Amino acid sequence: MLLVLKNIGEQNNLFLAAVMLYLIAAVFALALMKHHKLCNLVTNTICMAAALIGIAAAILRISTDTILTPVTIFESRITFLFLEIKIDQLSAFFVLCLSVLVLCVSIYSIGYNSHYYQKRNVGFFNFLYASFIMSMLMVIISGNAIFFYLSWEAMSLISYFLVIFESEHEENRRAGRLYIIMTHLGTAFLLIGFMIMFAYTQSFDMFGSSELIPEMAKNLMFICFLIGFGTKAGVIPLHIWLPYAHPAAPSNVSALMSGFMIKTAIYGLIRFVLCYLQVQQVWWGAVILCIGIVSAVLGVAYAIMEHNIKRLLAFHSVENIGIILIGLGVSFIAAAQNNDFLSGLALVAALLHTFNHALFKGGLFLGAGSLQYATHTKDIEKLGGLIHKMPVTAVMVLCFSLAISAIVPFNGFISEWLTYQALFLNINMGMAGQNILSILSIAALALSGALAAACFVKLFGISFLGLPRSDDAAQAKEVPLAMNIGMGILAALCLIIGVFPAVFVKLADQVAGSILGASVVETLQSGFMSATVPLAVSENSIAPAEILAALAVVILMVLLTLRLCFGKLKARKYGTWDCGFESINARMQYTATGFSKPIRIVLSILYRPGRKVVIEKGESDYFPKSVKYQVWTEPIFEKYLYNPVIRVLKSGSEKMICLVQTGSVHVYLLYIFISILALMFYNRVV
Amino acid sequence: MSDMILYFIVQTGFVILAAPLVNGIIKKIKALSQKRTGAPVLQMYYDLFKLFKKTSVVSDVSSWIFRVTPYIVFATAVAAAMIVPVTTLIKPVWNTGDVILLVYILALGRFFMMLAALDTGSTFGGMGASREAMISALIEPSILVSLITVGLIAKSTAVFPIMTFMQTVQNPLIHPVYLMIFCALLIVIIAETSRIPVDDPSTHLELTMVHEAMLLEYSGRSLALMELAAAIKQLVFITLLVNLFLPHDQLIGIHGIAAIGISLLIYLAKVFIAALLIGIVEVNTVKLRLFSIPNLAALSFILSFIGFLQFFAFGG
């Protein structure tokens, strides 16, 4: 089958076919608007087909080295204004990422969207859904900066409509507003970067050479791209839109947004900074590394304090973007120092973590959607005991939780291990600044890993274990099969990559090799391809398959030995130990707030927690009628960074309006006169 | 092949069998310092034997997580034991022993232990899990920074090459770098093995317990597995400490089975010294308030960080 496809020769056609299918899906969604069920089924099926084509095309593209001829899809009289598709191995890798995620999310959506039937405009939702995927795909495969910019803008706008889809809630509209302002702030910086690019090279070709651009302008471009892409990726301190926008969107959309949309920024950074500008300075990498450290630690630290499951996951996206940026930072530093091997290794780590994060974070958002579908709440304090009601969902959420906490034998561990190895190799005798930064990154990775584990023990333990804390949780039922299949594929992939990483590392290595010219795998010891051969960097190696086998053997041996020596396991069911009082009820359990309290106290300098206790007195002081306990943490960045800026902007613009718009016609005539003069002067000069 | 079998037998069998002994020694030292006779050194073996035979009581609130956790925790402890060689004279045949893996494989066990604690809906479990989450998060950076610093000097992150390298260092503890990291790791071990001043293994008072609170609902065979796993984990950390910083294999002139035997005997002696050290620390300190533990963890991190700076940022 693959061979036949290869013989067609034009792999570009496959990518175009995928784009067209998404377009068809969008059209069908609008056409079948009246029939909710049919519309949902048809649109998602077409999306699945498009995703499958995307996967095939991407794998073919990554494994062949030939340079594909670019396809021009729109030409105009203006020389630089044309739309062109160009797909190299880097684009193909991100297409693969997107397509795998879309496949699973679309299967899931068949079940998930059913709660919108007869309540909302399912046709319009699916139209937005399909065109959102199409816009993300076009961002990745666009061949020049103009097309990139247009697709980027389309992606931002369509996702804005998806964020405010449930617009009857004020908080969702607010989230959408914040999102669209922040994302345009970032886009503005991108535009400045592209303009500098055009000013010096007279072209928007992002695959071209940047030799004509002087050093200072390159630095400026780097800063513009960093802010522009950083806003989309949600790095701290540009992250504030993320914890509002992701919870507001429907869960299948948040899975796409968190799983892939924020990764387009990673794609942008690699494409424009590493490939186009060819990393000139060591400090570029150092800045990215610092941002990575801060985002990784603060992202997870804020996540622990959240009890809205989707906000919690959104903060974890900040953390994981931080981890990806740590890898990318090392890669940039090494590239600037012409250390191709290390640069490649770090890039492989970053790319693999991008892929892994798409899998487990996409899965976790789908899991959050399942919880919301079954219990109608996003607040984990109201859940509990769901492992008995939703056993399949529970197993899959547990898999994703282990993966995101970088625990053996899941995929998160593999990419973090490679990141650790890259940092390890980045430490050399005598380079004090770089060494300190690297060891701090190692500490930050360790801290964020342990805090992530704490956070996901909280998430899983409070929502799935123990006794149900509300009627909704007590009456929850397992979700439809389609939802579980969608999540199941993602969970299986997480485990497969975790146990047999070699194939996937090889894939990422081919991409990194195409960018940096040197393959990491070839210089490594032992064959990378076969699954049982350990992953090796220099002499350091791990073999997850062997570890898993060892764990299984130990468990079997223990079961066998105990059975033979001490007989069959005897167990008796009884209530939980209640210290001899009356039986335990759900309200006596530890809450999510209680669980995170030690960390809240230890890191109180960061959270600045506050609390309020309101006691309504009864007849005796010992029997109050009601006690209300409220605890909160202070959003530092919003309070001390954004609010002052907003205040200054607001008062400044109010004053400006008074100054400029005086209401006098004479003054307005003067403005026109000055503008004409300025334009004439400009024409003389240019 | 015979090497492989020997390695697995020594690493698993030897460590599993010797692990409860360390607890016995520490308890005996504590008892002697308090002018008590104390329980016999082999008491933990008797306890385990008894517990393995007993019926366990399982909470009716709990799920399969509660039931599988003892096996997972035990398996991760044994897997950790396979990574940390007790002697460098037997070459490990599986090349997957990495310090990063060591930390994350123990994290798997801890993850499930914390989940099992929340599974029964008991307040004690939640309390223990919540405290354990805090302590492990605080201690993790210092354990990785110190192990990776030693790894950088040995130019590898795999445990066996690091250990082999340390055999060539003359009296590591007189070098400031190794001394700093030794102290940092000692604090890590105390925290990881739930000992005074971080946690008190002999208390069952809700104000103070951490590790014990998580095990409160366990009984019978499950409890025995959990206790044994904790003892193995303790011995793994002690092994790491003594084999890195008190190297002895270069002292043995001969090769072959006899050398391995001698090496194991010296290893046991070193473990005894380490147990003595931990016992003395335990006798002479009081349990810290829960919210003073961050200071101890910070001390450990700073020690490991200074150790790193001394060598890599400023050279030698």
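Residues numbered from 1 in each chain as written. Chains lettered and ligands numbered in written order. Predicted model: local features only at pLDDT ≥ 70, side-chain atom pairs only at ≥ 80, totals over all residues. Heavy atoms only, no water.

As annotated in an unreviewed UniProt entry, chain B carries the name Formate hydrogenlyase and is attributed to Acetobacterium fimetarium. If you open the UniProt record of chain B and go to Subcellular location (unreviewed entry), you find "Membrane". (UniProt positions renumbered as here; feature names shortened; annotations may be inferred.)

The name that an unreviewed UniProt entry assigns to chain A is Formate hydrogenlyase, with the source organism given as Acetobacterium fimetarium.

For the rest of this paragraph, the subject is the overall build of chain B. Helix and strand counts for chain B come out as 11 helices and one strand. Counted from the first residue to the last, chain B has its helices and strands arranged as α-α-β-α-α-α-α-α-α-α-α-α. Relative to the compact-globule value of 20 Å for 316 residues, chain B shows a C-alpha radius of gyration of 19 Å, a close match. The C-alpha extent of chain B, read off along each of the three principal axes, is 55 × 45 × 45 Å. Here chain B holds 316 residues, and 66% of them are scored as buried. (Helix = DSSP H or I, 4+ residues; strand = E, 2+ residues; numbered from the N terminus. Rg over C-alpha atoms; globule rule 2.2 N^0.38 Å. Buried < 20%, exposed > 50% of the residue type's maximum accessible area, 1.4 Å probe, protein only.)

Another point: the overall build of chain A. Within chain A one finds 28 helices and seven strands. Taken against the 2.2 N^0.38 rule, which gives 26 Å for 686 residues, the C-alpha radius of gyration of chain A at 27 Å falls within 12% of a compact globule. Taken over the C-alpha atoms alone, chain A extends approximately 95 × 70 × 65 Å along its principal axes. Buried positions account for 57% of the 686 residues belonging to chain A. Long-range contacts, defined here as pairs at least 24 residues apart, represent 78% of the contacts in chain A between residues at least 6 apart. Mean positive and mean negative side-chain charge positions of chain A (44 and 34 charges, respectively) differ by 8 Å. (Contact = heavy atoms within 4.5 Å. Lys, Arg positive; Asp, Glu negative; His and termini not counted. Charge placed at Lys NZ, Arg CZ, Asp CG, Glu CD.)

Residue and element names in this part refer to chain A. Relative to the helices and strands, Ile-85 is located in strand β2 (residues 83-85). Relative accessible area serves as the criterion here: at 4%, Ile-85 is assigned to the buried category. Those residues in contact with Ile-85, other than ones at most four positions away along the chain, are Leu-16, Pro-70, Val-71, Ile-73, Ile-141, Gly-143 and Phe-147.

To continue, consider the layout of surface pockets. Residues and elements named next belong to chain B. Here the largest pocket is characterised by a volume of approximately 990 Å³. For the lining of the largest pocket, the elements supplying multiple residues, two or more each, are α1 (2-33), α2 (43-53), α3 (64-83), α4 (99-119), α5 (123-154), α7 (176-192), α8 (211-215) and α9 (220-245). In the lining of the largest pocket, the residues fall into 21 nonpolar, 13 polar and 13 charged. (1 Å grid on protein atoms, 1.4 Å probe; cavity = no way out; pocket = protein on both sides within 12 Å on 5 of 7 lines; lining within 4 Å. Points joined across faces, edges and corners; volume = space filled by probe spheres on them. Nonpolar A, V, L, I, M, F, W, Y, C, P; charged D, E, K, R; others polar.)

Moving on, we come to the UniProt feature "transmembrane region" (unreviewed entry) in chain B. Residue and element names in this part refer to chain B. Residues annotated in UniProt with the feature "transmembrane region" (unreviewed entry) correspond here to residues 6-26, 71-94, 100-121, 133-153, 173-191, 223-246, 252-281 and 293-314. Along residues 6-26 one finds 100% helix and 0% strand; the C-alpha atoms at either end are 29 Å apart. Its end C-alpha atoms 33 Å apart, residues 100-121 is made of 91% helix and 0% strand.

It is possible for side chains bearing opposite charge to pair when their charged atoms get close. Under the defined criterion, the tally for this structure stands at 13 salt bridges over all chains. A salt bridge links Arg120(A) to Glu168(A); the shortest N-O distance between them is 2.5 Å. A residue pair is termed long-range when its members are at least 10 positions apart, and Arg120(A) in the loop between α4 (89-112) and α5 (122-141) and Glu168(A) in the loop between α6 (145-163) and α7 (170-201) qualify at 48 residues. Assessed through its relative accessible area of 23%, Arg120(A) is described here as partly exposed. Note that Arg173(A) and Glu170(A) form a salt bridge whose closest N and O atoms lie 2.8 Å from each other. One end of the pair is Arg173(A) and the other is Glu170(A), both in helix α7 and three residues apart, which spans about a single turn. We classify Arg173(A) as partly exposed; its relative accessible area is 35%. Each of Arg110(B), Glu132(B), Glu140(B), Glu192(B) and Lys233(B) takes part in a single network of salt bridges with overlapping partners. (Salt bridge = Lys/Arg side-chain N within 4 Å of Asp/Glu carboxyl O.)

The subject of this paragraph is unusual backbone geometry. Each neighbour pair has its own omega, and for Ile236(A) with Pro237(A) the value is 10 degrees, a cis peptide bond. Structurally, the position occupied by Pro237(A) is in the loop between α8 (215-233) and α9 (242-248). Its identity as a non-glycine residue notwithstanding, His376(A) has a phi of 60 degrees, on the positive side. Here Lys35(B), not a glycine, exhibits a phi torsion of approximately 55 degrees, which is positive. Judged by relative accessible area, which is 80%, Lys35(B) ranks as exposed.

Let us now look at α1(B). Residues and elements named next belong to chain B. In a regular helix each residue adds 1.5 Å, so 32 residues correspond to 46 Å; α1 covers 45 Å between its end C-alpha atoms and thus fits that length. Of all the bends in α1, the largest measures some 35 degrees and sits at Val-15. Once α1 ends, the next one or two residues include Lys-35, with phi positive near 55 degrees. (Expected span 1.5 Å × (residues − 1). Bend = angle between axes of the 7 residues up to and from the residue.)

Here we come to the domain arrangement of chain A. All names here are of chain A. Taken domain by domain, chain A comprises domain 1 (284-568), domain 2 (586-632) and domain 3 (640-685). Averaged C-alpha coordinates put domain 1 and domain 2 at centres separated by 33 Å. Facing 18 residues of domain 1, the contacting portion of domain 2 comprises 13 residues. Regarding the contact of domain 1 and domain 2, the summed buried area is about 1300 Å², with carbon and sulfur atoms giving 70% of it. Looking only at domain 1, the three residues that lose the most surface to domain 2 are Met-305, Glu-381 and Arg-469, adding up to 35% of its buried area. Along the contact surface separating domain 1 from domain 2 lie zero salt bridges. Between domain 1 and domain 2 we count five residue pairs in polar contact (both at pLDDT 80 or more) in total. Listing elements by their share of the side of domain 1 that touches domain 2, those giving two or more residues are α12 (282-304) and α18 (432-464). (Domains from an automatic or database assignment. Buried area = accessible area lost by both parts, 1.4 Å probe. Polar contact = N/O pair within 3.5 Å; in protein donor to acceptor, adjacent residues only side chain to side chain.)

Taken as a whole, this structure holds seven cavities of 30 Å³ or more when the rule is applied. Roughly 90 Å³ of volume is contained in the largest cavity. Around the largest cavity, the lining comprises 13 residues; the ones closest to its centre are Ala450(A), Ala453(A), Ala107(B), Arg110(B) and Glu140(B). If you tally residues by element for the lining of the largest cavity, the top one is α4(B), at five residues.

Listed as interface residues are 80 residues of chain A and, on the opposing side, 80 residues of chain B. In total, chain A and chain B occlude about 7000 Å² of area from one another, counting both sides; carbon and sulfur atoms represent 77% of this. Together, Phe424(A), Phe566(A) and Tyr590(A) form the three largest contributors to the area buried by chain A at its contact with chain B, with a combined 9%. For the pair chain A and chain B, the number of links is zero salt bridges. Our count for the contact surface shared by chain A and chain B stands at 16 residue pairs in polar contact (both at pLDDT 80 or more). Per-element accounting of the side of chain A that touches chain B gives the leading share, 19 residues, to α18(A).

Residue and element names in this part refer to chain A. Chain-level pLDDT for chain A is 89 on average; 95% of the residues reach the 70-or-more range. Across chain A, the secondary-structure element scoring lowest on mean pLDDT is helix α1 (residues 2-8), at 43, and the one scoring highest is helix α16 (residues 391-404), at 96. A low-confidence stretch, residues 1-9 stays under pLDDT 50, and its non-local contacts, those more than four residues away or across chains, total five contacts. Between residues 525-533, whose pLDDT stays under 50, and residues either more than four places distant or in other chains, the model counts 19 contacts. (pLDDT = per-residue confidence, 0-100.)

Turning to helix α10 (residues 251-261) of chain A, a few remarks are in order. Of all the 11 residues making up α10(A), 11 are buried; the element is thus mostly covered by neighbouring parts of the structure. Along α10(A), the residues that are buried comprise Ser251(A), Asn252(A), Val253(A), Ser254(A), Ala255(A), Leu256(A), Met257(A), Ser258(A), Gly259(A), Phe260(A) and Met261(A).

Residues and elements named next belong to chain A. Contact pair helix α13 (residues 309-336) / helix α17 (residues 411-425): the axes reach a minimum separation of 10 Å and the direction vectors enclose 35 degrees. Our pair here, α13 against α17, has a crossing hand that is left-handed. For the pair α13 and α17, contact is made by Ile-323, Ile-326, Gly-327 and Val-330 and by Glu-416, Thr-419, Ala-422 and Leu-423, respectively. Looking at the contact of α13 with α17 residue by residue, the class counts come to five nonpolar, two polar and one charged. (Axes fitted to C-alpha atoms, helices over the stretch in contact; angles between N-to-C directions. Left-handed = near helix turned anticlockwise from the far one by under 90°.)

This next bit is on the packing of α5(B) against helix α6 (residues 159-167) of chain B. Residues and elements named next belong to chain B. Across the interface, α5 lies against α6 with an axial gap of 9 Å and an inter-helix angle of 65 degrees. By the angle between their directions, the pair α5 and α6 is classed as roughly perpendicular. The handedness of the crossing between α5 and α6 comes out as left-handed. Judged by residue contacts, Leu-147, Val-150, Gly-151, Ile-153 and Ala-154 of α5 engage Ile-162, Phe-165 and Met-166 from α6. Across the contact of α5 with α6, the residue classes tally to seven nonpolar, one polar and no charged. (Parallel < 35°, antiparallel > 145°, perpendicular 65-115°, else oblique.)

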